[in-house]
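Spelled out, the chains give:
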Amino acid sequence: MKQKLELCAQRLNGCKLIQNAPMKDYTSFRIGGPADLLFLPQNSDELILGLDTAKELGIPYVVMGNGSNMLISDKGIEGLVIRIGPDFSGIQYDGCTQKVLAGTLLCLAANDSLDKGFMGLEWATGIPGTIGGAVAMNAGAYGGEIKHILTKVECIAAGELKCIIPDDKDMAYRYSRFSAPNTIVLSAEFSLSPDDGSARERAREYCESRRIKQPLNYPSAGSTFKRPTGHYAGALIEQAGLKGFKVGGAEVSTLHAGFVINTGGATCDDVCTLIKEVQDRVYDRFGVNLEPEVKIIGRDVCSL
Ligand SMILES: Cc1cc2nc3c(=O)[nH]c(=O)nc-3n(C[C@H](O)[C@H](O)[C@H](O)COP(=O)(O)OP(=O)(O)OC[C@H]3O[C@@H](n4cnc5c(N)ncnc54)[C@H](O)[C@@H]3O)c2cc1C
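Residues numbered from 1 in each chain as written. Predicted model: local features only at pLDDT ≥ 70, side-chain atom pairs only at ≥ 80, totals over all residues.

1. Observations concerning the pairing of strand β11 (residues 150-157)
- Note: β11 against strand β15 (residues 183-191), 7 bridges, orientation antiparallel. Opposite A157, over in β15, you have T183 as the bridge partner.
- Sheet topology note: the β11/strand β12 (residues 160-164) ladder contains 5 bridges and is antiparallel. Paired with V153 across the bridge in β12 is I164.
- Hairpin connection from β11 to β12: 2 residues lie between these consecutive antiparallel strands, with A158 at a positive phi of about 50°. (Pairing = 2+ DSSP bridges. Helix = DSSP H or I, 4+ residues; strand = E, 2+ residues; numbered from the N terminus.)

Next comes the structure, spelled out in structure tokens:
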């Protein structure tokens, strides 16, 4: 692998590359060991070169955006990590259509749409992911969801550049067909509407609600679990008496039991052990399976 990675770095000469990049610096959880090679493409051509090189050399790769829904192994990630981030960003408008490059932060796209007099993305102003990550996760909040406004996706699928008009089956609750490793989102188009004058106030209320209800002062990956049908994960965890439950530096937030937070020095193992314990206790008490929303990635990670 070492030789393959050296060859990969040579082929990507001139692109932004970081060897042994500490993933805790690239995730909102502030957890994770080194990625062998972190690649920060600045445009589609560089991205395609990186993907082709990894495939040709047989190097495993992981695609990430802002790392706000990821828990990375303490042992890091083998191979190439492709971060589609701020170097790959931009916003354009054509009437009420907003076209956004994948590395643009969702909250920036949402705020920009408000500044330009549109509504439709105001629910997203407090979500810390990229457009690529938001499309891949079908991010949503306060009744809004990416799938409600998404009209076109430019992506790489099966090694080819594609432009896809999504249909109903392509996305569901925290699920998207446009998700790495099979599909890599390059840009998304959203259909917005002229602001009727209420959007900015709604955005303000949603941000205020997050500030009051969510443990934003601690590193986390947002909601740890998906919402189980007919329940709320946070309420079940709280009713199971697990608010404040701790393993090492990982804790079930006392403010919002749906969030696992890093109180300082938490490891991936701490978080995984805590998640497993929460799952077991909630299942024993209520017979409900809690499925992680956070993507657990890297060397020797457990399956939860
Ligand atoms: C404080 C906080 C609050 C949050 N609130 C919400 C919320 O209200 N609603 C919500 O839905 N989420 C929320 N999240 C979770 C997170 O912000 C979203 O899931 C976000 O969409 C993830 O985007 P990202 O760029 O960080 O993706 P990452 O975490 O980097 O990646 C997530 C997944 O997307 C894939 N991916 C990333 N980029 C691409 C791409 N270009 N093409 C294909 N696949 C890609 C990755 O491979 C991975 O599987 C919150 C997180 C935090 C920390």
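Structure shown, so let's carry the discussion forward.
2. A closer look at the site of the ligand
- Around the ligand, a shell composed of 33 residues is seen, among which G65, G129, G132, G133 and G222 lie nearest.
- Those elements that provide at least two residues to the shell around the ligand are β3 (61-64), α4 (131-137), β9 (140-141), β15 and β17 (220-223).
- By residue number, the principal contributor to the shell around the ligand is α4, which donates 5 residues.
- When its residues are assigned to classes, the shell around the ligand shows 17 nonpolar, 15 polar and 1 charged. (Near = placed C-beta within 6 Å. Nonpolar A, V, L, I, M, F, W, Y, C, P; charged D, E, K, R; others polar.)

3. Looking at the sheet that holds strand β6 (residues 91-94)
- Read across the sheet, 5 strands follow the order β6-β7-β15-β11-β12 without closing on themselves; strand pairing throughout is antiparallel. Two strands bound the open sheet, and with one partner strand each, they are β6 and β12. When the angles between neighbouring strand axes are averaged without regard to direction, this sheet yields 20°. (Axes fitted to C-alpha atoms, helices over the stretch in contact; angles between N-to-C directions.)

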